[in-house]
Amino acid sequence: MSRGGGGGRTRVKTGRGRTVSSNRWLARQLNDPYVKRAHADGFRSRSAYKLIELDERFGFLRGVRHVVDLGIAPGGWAQVIRKQVPKATIVGIDLLPVDPIEGVAILEMDFMLDAAPDRLIEALGSAPDLVLSDMAANTVGHTQTDHLRTMGLVEAAAAFAYDVLKPGGAFVAKVFAGGADSAMVADLKRNFTTVKHAKPAASRKESSEWYVVAQGFKGEALRAERAAEPGIE
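Summarised in this report is the structure supplied together with it. (Residues numbered from 1 in each chain as written. Predicted model: local features only at pLDDT ≥ 70, side-chain atom pairs only at ≥ 80, totals over all residues. Heavy atoms only, no water.)

Right, let's get into the packing of aromatic side chains. For the structure shown, the criterion picks out 5 aromatic pairs. Here Trp 77 and Tyr 211 contribute two aromatic rings whose centre-to-centre distance is 5.8 Å and whose plane-to-plane angle is 45°, an arrangement assigned as tilted. Pair noted here: Trp 77 is in helix α4 (residues 76-84) and Tyr 211 is in strand β9 (residues 209-217), with a separation of 134 residues, a long-range link. With a relative accessible area of 0%, Tyr 211 lands in the buried category. Considering the side-chain rings of Phe 111 and Phe 160, the 5.6 Å spacing of their centres and the 85° angle between planes classify their relative orientation as edge-to-face. (Phe/Tyr/Trp six-rings, centres within 6.5 Å; stacked < 30°, edge-to-face > 60°. Helix = DSSP H or I, 4+ residues; strand = E, 2+ residues; numbered from the N terminus. Buried < 20%, exposed > 50% of the residue type's maximum accessible area, 1.4 Å probe, protein only.)

With that out of the way, let us pick up the environment of Leu 51. Within the secondary structure, Leu 51 is located in helix α3 (residues 47-58). The class for Leu 51 is buried, based on a relative accessible area of 0%. Not counting residues up to four positions away in its chain, the partners in contact with Leu 51 are Phe 60, Trp 77, Val 80, Ile 81 and Leu 132. (Contact = heavy atoms within 4.5 Å.)

This next bit is on the pairing of strand β7 (residues 170-176). Along β7, 7 of the 7 residues are buried, which leaves the element largely enclosed by surrounding structure. Pairing between strand β6 (residues 130-133) and β7: 4 bridges, direction parallel. If you follow Val 131 over to β7, its bridge partner there is Phe 171. Alignment of β7 against β9, held across 7 bridges, turns out to be antiparallel. Following the sheet pairing, Val 175 is matched in β9 by Trp 210. (Pairing = 2+ DSSP bridges.)

Following both chains from N to C, one finds α3 and α4 inclined at 50°, their axes separated by 7 Å at the closest point. As summarised for this structure, α3 and α4 are arranged oblique, according to the angle between their axes. In this structure, α3 crosses over α4, and the sense of that crossing is right-handed. Contact residues: α3 offers Ser 47, Ala 48, Leu 51, Ile 52 and Asp 55, while α4 offers Gly 76, Trp 77, Val 80, Ile 81 and Gln 84. Grouping the constituent residues of the contact of α3 with α4 by class yields 6 nonpolar, 3 polar and 1 charged. (Axes fitted to C-alpha atoms, helices over the stretch in contact; angles between N-to-C directions. Parallel < 35°, antiparallel > 145°, perpendicular 65-115°, else oblique. Left-handed = near helix turned anticlockwise from the far one by under 90°. Nonpolar A, V, L, I, M, F, W, Y, C, P; charged D, E, K, R; others polar.)

With that out of the way, let us pick up the nonpolar core. Within the largest apolar cluster, 33 residues are counted, with the highest numbers of intra-cluster contacts made by Leu 70, Leu 120, Val 131, Phe 171, Leu 188 and Phe 192. Counting residues per element, the ones that place at least two in this core are β3 (66-70), β4 (89-94), α5 (116-124), α6 (143-164), β7, α7 (182-191), β8 (192-198) and β9. Sequence-distant contacts of Phe 192, defined by excluding residues within four places in its chain, comprise Tyr 162, Leu 165, Gly 169, Ala 170, Phe 171, Ala 214, Gln 215, Gly 216, Phe 217 and Lys 218. Residues Leu 54, Ile 72, Ala 88 and Leu 130 belong to the second largest nonpolar core, which totals 31 residues. (Core = buried A, V, L, I, M, F, W, Y, C linked by side-chain atoms within 4.5 Å.)

Function cannot be read off these values alone, since they describe shape.
Here you go:
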């Protein structure tokens, strides 16, 4: 690597065995102010600032006691919660291995497994008042397929939130292509007092990711209503 002009940006030399796209990714990482800030602040990823910015706008971390972090790797969101709400109990789950975080229980398993929800609540020791999901499906390069696969994860995360959240709790999830689809938004609005979409400044401008923030879970009455729906036991 060498230092070039233009305000101190880092220029990446072409490396043997590196593709053009990997060089572009490395250059973007080296020059990303959020990546640099994450290193300085001790966060594992730039995504920590997405949660910080969303919370500054919506205040969903205020007073939380029990948190489930779906798609916890590499752990930036859990680090933010530990810093801002040190007394909160946090349980995370991910397919990928995650280095330990003090005060956080981490399950290395697939959230889509039938056993995962019970394992999460058992580890948490209580119903959560906040469910976070930063999950996204591995992309295959086909836009519509990638969107559908990720939205399947979002819908599974929302269904989990409906089943376990305390009344008044909140659900925050990453979505794509401008937000959750209309059917999901309608379901969220039925289950929560407020539902908003936001794109934090820490999300790269070229990224299609947005976040849905649902607050004020309506609780037991909605669970009873959902249980009474045809086809739901």
